[in-house]
Amino acid sequence: MGVEIIFKIAGIGILTAVVGQILKQTGKEEISTLATLAGMIVVIVMVLGLIGDLFTTLKTLFSF
């Protein structure tokens, strides 16, 4: 699971960068900013889910 999530985050980053550059070259900087923000939000939601799983695992690990 560790390597897969890294590849997913990298893929989203590359896709967001490409879409952002295409939109900037066509003169749509506002939409480019929104697309970049949407990519960041998707990655943050993924990371928050993993942090939640980590806390759940730690809670079950240290419960007596």
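The present account deals with the structure reproduced in this document. (Residues numbered from 1 in each chain as written. Predicted model: local features only at pLDDT ≥ 70, side-chain atom pairs only at ≥ 80, totals over all residues. Heavy atoms only, no water.)

## Here we look at the overall build of the chain
So, point 1. Within the chain, the regular secondary structure consists of two helices and zero strands.
So, point 2. Against the globule reference of 11 Å for 64 residues, the chain gives a C-alpha radius of gyration of 16 Å, more extended than a compact globule.
So, point 3. Dimensions along the principal axes, computed over C-alpha positions, put the chain at roughly 60 × 20 × 5 Å.
So, point 4. Expressed as a percentage of the 64 residues in the chain, the buried residues total 12%.
So, point 5. Split by element, the accessible area of the chain, about 5200 Å² in all, is 77% carbon and sulfur. (Helix = DSSP H or I, 4+ residues; strand = E, 2+ residues; numbered from the N terminus. Rg over C-alpha atoms; globule rule 2.2 N^0.38 Å. Buried < 20%, exposed > 50% of the residue type's maximum accessible area, 1.4 Å probe, protein only. Areas by Shrake-Rupley, 256 points an atom, 1.4 Å probe, with all protein chains shown as cover.)

## So, the side chain of Ser 32
So, point 1. You can see Ser 32 is positioned in helix α2 (residues 29–62).
So, point 2. Looking at Ser 32, the relative accessible area reads 2%, which means it is buried.
So, point 3. Excluding residues within four positions of it along the chain, Ser 32 makes contact with Gly 20, Leu 23 and Lys 24. (Contact = heavy atoms within 4.5 Å.)

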